[in-house]
Structure formats: C-alpha cells, structure tokens
Amino acid sequence: MKGRFITVEGGEGVGKTTNINYIESLIKEKNKSLITTREPGGTPLAEAVRGLLLDPVHRGMHPDCELLLMFAARAEHLDKVIRPALERGDWVLCDRFTDATYAYQGYGRGLSLERIAELEQLVQGGLRPDLTLLLDVPVEIGMERAGNRSDPDRFEQENLEFFERIRQGYLSRARVEPERFAVIDAGQELEAVQSGIRQALERLLDD
C-alpha cells in the first residue's frame, strides 16, 4: 500500500462534516490525490446497507445483525474503494471506520470486543488507518447539535447513556493506541479545532 489512510471518528454532533472539508483542503494543498468516503457506505451496495442500518423502521434490530451488516458493508467498501485507492498511491479520507464499530456495537451495544476483533481481522487483514482523528465533545453538547440538523436516524434515537458509552469507548481506544489517534477537543471554537487537526496531520503531510 503506497497511499495514506486517514479516518475521522466521533459520536453524534461532533462536527465531522465541517472538519472533513477542512482536512480535504489541507491534503489537496500538498497536491495529494485524495478519495473522500464514508462508513457505512462508499459504494452502491454499502450505501444500501447504510440505509437499512439508519432507517428508524428497523429499530429493534438484533445487535449481531447490526454488527454483521457493518462488516458486510465494510468488506465491499474495502474491495471496491479503499484498497484500490491506497494501492494506486491515493490518500483515503474516511468518515468513520472500524473504531466506530468498536465504539457503537462494542461499547454502545455491549457486544464482545473480541468478536469484533475477529471480524476486523477477517475483513481487513492487517489494514489499519495511518491516522485517526477523534473529534470529542460531551454527549449533551453533541446531541443538541445533532438534534438541530434533521430528523433523528435509528442510532440518534438512542438514549444518552448509549452515547456516553460510545464516547468512553472511543476515548479508551485512543488511550490504547496513542500513536495512531489524535484526540481533538471539538467543543472549542472552530479555529482552535482546526488548528489541532492541522498539527495532527503535519507528520503525514510532511513525509
């Protein structure tokens, strides 16, 4: 793999969309060829799975079904988009990836982290992000922001305790892998948030 793989993670309402646009601009300034994508999604099939996962009509979906759908979409996404781009030497910027599965399905739903790790190895092999930017805000702030955007999807309808478990799961993963994660306080003014993002990206952009 010749390209670089950057993921952006965080719970609801942390400002991923705004900051992904900023990250795109930083990477393109360095004349890097860039693919921006998202999970679940990124291909027609994976986007169809995303629709199933987010649709409130499927509230009550079994957690194992949710987990397997996530990895099914990821397998397609890796095969059709992520791996080919990295092999071409492109940079890949992805809105959420497997850390979200650990956070949402593992910590949020209470599924076995070991089972998730087994699926991760099965679907991804040794592929992991070069850098994961974790945008972090207190749950109450994030949910207030998310509530101002649109009607809640199936995940956004969960209670605050669910999202607090997710936040703590993300932070736990960041503590275990500090060399990969950069935790950004996304509750700051936007200029300060983006300054932190820029600093985190510099080591890759200057290679």
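Given the structure is predicted, the values throughout are model-derived calculations rather than measurements.

> Sorry, what's going on with the nonpolar core here?
As a rule of thumb, soluble globular proteins bury nonpolar side chains together. Among the nonpolar cores identified, the biggest contains 24 residues, and Ile6, Ile23, Leu133, Ile197 and Leu201 are the most heavily contacted of them. It is helix 8 (residues 190–205) that provides the largest number of residues to this core, a total of six residues. When residues no more than four places from it in sequence are discounted, the contact partners of isoleucine 6 are Ile27, Trp91, Val92, Leu93, Cys94, Leu131, Leu133, Leu201 and Leu204. Judged by nonpolar contacts, the second largest core, of 21 residues, contains Leu134, Met143, Tyr170 and Leu171.

> Just checking my understanding: could you explain the UniProt feature "binding site: ATP" (unreviewed entry) in the chain for this structure?
Residues given the UniProt feature "binding site: ATP" (unreviewed entry) here are Gly10, Gly11, Glu12, Gly13, Val14, Gly15, Lys16 and Thr17. Of the annotated positions mentioned, Gly10, Gly11, Glu12 and Val14 line the largest cavity. Its place among the elements puts glycine 10 in the loop between strand 1 (5–9) and helix 1 (16–29). Residue contacts for glycine 10: discarding those within four places in its chain leaves Lys16, Arg96, Tyr104, Leu134, Leu135 and Tyr170. Mapped onto the fold, valine 14 is located in the loop between strand 1 and helix 1. Here valine 14 falls in the buried class, since its relative accessible area comes to 5%. Contacts of valine 14, omitting those with residues within four sequence positions, involve Asn19, Leu135, Val137, Arg145 and Ala186.

> Explain empty space enclosed by the protein here, please?
To find leftover empty space, a probe the size of one water molecule is rolled over the atoms. Across all of its chains, the model carries one cavity of 30 Å³ or more by this definition. In this structure, the largest cavity occupies an estimated 130 Å³ of space. Together, 16 residues line the largest cavity, and Gly11, Glu12, Val14, Val137 and Arg167 are the ones closest to its centre. At the level of secondary structure, the elements contributing two or more residues to the lining of the largest cavity comprise strand 4 (131–136), helix 6 (139–147) and helix 7 (160–176). Examining the composition of the lining of the largest cavity, we find that four residues originate from one element, helix 7, more than from any other. The residue inventory of the lining of the largest cavity, partitioned by class, reads ten nonpolar, three polar and three charged.

What counts and how
- Here the residue numbers are simple positions, counted from 1 along each chain's written sequence.
- This being a predicted model, a pLDDT of at least 70 is required before a residue's local features are given, and a value of 80 or more before pairs of side-chain atoms are given or counted; all residues contribute to the totals for chains, interfaces and linings.
- Processing note: side-chain calculations cover all non-hydrogen atoms of the structure and skip hydrogens and water entirely.
- In this description, a nonpolar core means a group of buried Ala, Val, Leu, Ile, Met, Phe, Trp, Tyr and Cys residues linked to one another through side-chain atoms lying within 4.5 Å.
- Burial classification: accessible surface area is computed with a 1.4 Å probe over protein chains only, and a residue below 20% of its type maximum counts as buried, one above 50% as exposed, and the rest as partly exposed.
- Helix and strand assignments come from DSSP, with helices taken as H or I runs of at least 4 residues and strands as E runs of at least 2, each series counted from the N terminus.
- In this analysis, two residues are considered to be in contact whenever any of their non-hydrogen atoms come within 4.5 Å of each other.
- UniProt positions are given in the numbering used here, feature names are shortened, and annotations may be inferred rather than shown by experiment.
- Buriedness for pockets is judged along seven lines, at least five of which must meet protein on both sides within 12 Å for an open set on the 1 Å grid over protein atoms alone, while cavities are sets there where a 1.4 Å probe fits but cannot get out, and lining residues have an atom within 4 Å of a point.
- Grid points are joined across faces, edges and corners, and a volume is the space filled by probe spheres set on the points.
- Residue polarity is assigned by list, with Asp, Glu, Lys and Arg as charged and Ala, Val, Leu, Ile, Met, Phe, Trp, Tyr, Cys and Pro as nonpolar; anything else, Gly included, falls into the polar class.

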